[in-house]
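# Results of the structural survey
Residues per chain are reported as follows:
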Amino acid sequence: MTEYSVVDTPIGPFTAVVRGDEVVASGWTGDVNDLVGLIHPSIRPAEIRERTDLGQVTKAVVAYHSGDVEAIEDIAVNQRSGEFIQHAWKVLRTVPAGAPVTYSQFADLAGRPSAVRAAASACARNPVALFVPCHRVLRTDGSIGGFRWGLPAKRWLLEHETA
């Protein structure tokens, strides 16, 4: 069964889509349909049911936005893509809150220092925002760069994690 829940946060509604005990999509939107297309076809649900509370996932979202920036670390995720992208997503989960890296540093951490564009693509294609913290990656010149959920949201997240 695939279920979703919407939680109010300081930067707007946050929706998480969960299949079993794994997050398959999430982001700062109140519309679950904004997320369904991000889920890899091999695990994309045909039907999604709304729940008011997703247990540990909802608790982690609330705790994170309330100041416990490590609350998201143990939440299980399920993402599918090519070998490098999947590896890069795992590496993203090792970038600590308050210590953002550049795309060049991220490519290096992922074991392919010359694959800066591929590292950036991993961030852009990440369907599980927050739990796989692509917001912790900056442009090589240190500027904030892009973010699917908007630059104000990315700026808030980065400031929140360094507060």
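Now for a description of the structure that goes with this document. None of the values given here were measured: they were computed from a predicted structure. (Residues numbered from 1 in each chain as written. Predicted model: local features only at pLDDT ≥ 70, side-chain atom pairs only at ≥ 80, totals over all residues. Heavy atoms only, no water.)

### As for the overall build of the protein
Helices and strands together make up the secondary structure of the protein, namely 6 helices and 6 strands. Along the chain direction, N to C, the helices and strands of the protein fall in the order β-β-β-α-β-α-α-β-α-α-β-α. Relative to the compact-globule value of 15 Å for 163 residues, the protein shows a C-alpha radius of gyration of 15 Å, a close match. Taking the principal axes of its C-alpha atoms as reference, the protein extends roughly 40 × 35 × 25 Å. If you take every contact in the protein between residues at least 6 apart in sequence, the share linking residues at least 24 apart comes to 56%. Of the roughly 7900 Å² of accessible surface on the protein, a fraction of 48% belongs to carbon and sulfur atoms. (Helix = DSSP H or I, 4+ residues; strand = E, 2+ residues; numbered from the N terminus. Rg over C-alpha atoms; globule rule 2.2 N^0.38 Å. Contact = heavy atoms within 4.5 Å. Areas by Shrake-Rupley, 256 points an atom, 1.4 Å probe, with all protein chains shown as cover.)

### Describing unusual backbone geometry
One non-glycine residue, Leu130, lies in the positive phi region at around 80 degrees. Tracing the sequence through the fold places Leu130 in the loop between α5 (116–124) and β6 (137–138).

### With respect to the sheet that holds strand β2 (residues 12–19)
In space, the 4 strands of this open sheet follow the order β3-β2-β1-β4, with mixed pairing throughout. The sheet is open, and its two borders are formed by β3 (22–27) and β4 (49–50), each paired with just one other strand. Looking at chain direction, β2 and β3 are connected through 5 bridges and run antiparallel. Counterpart to Val17 in the pairing with β3 is Ala25. Those strands touched by helix α2 (residues 56–65) are β1 (2–9), β2 and β3, and its axis lies near 20 degrees from that of β1. (Pairing = 2+ DSSP bridges. Axes fitted to C-alpha atoms, helices over the stretch in contact; angles between N-to-C directions.)

Any link to function would need more than the numbers given here.
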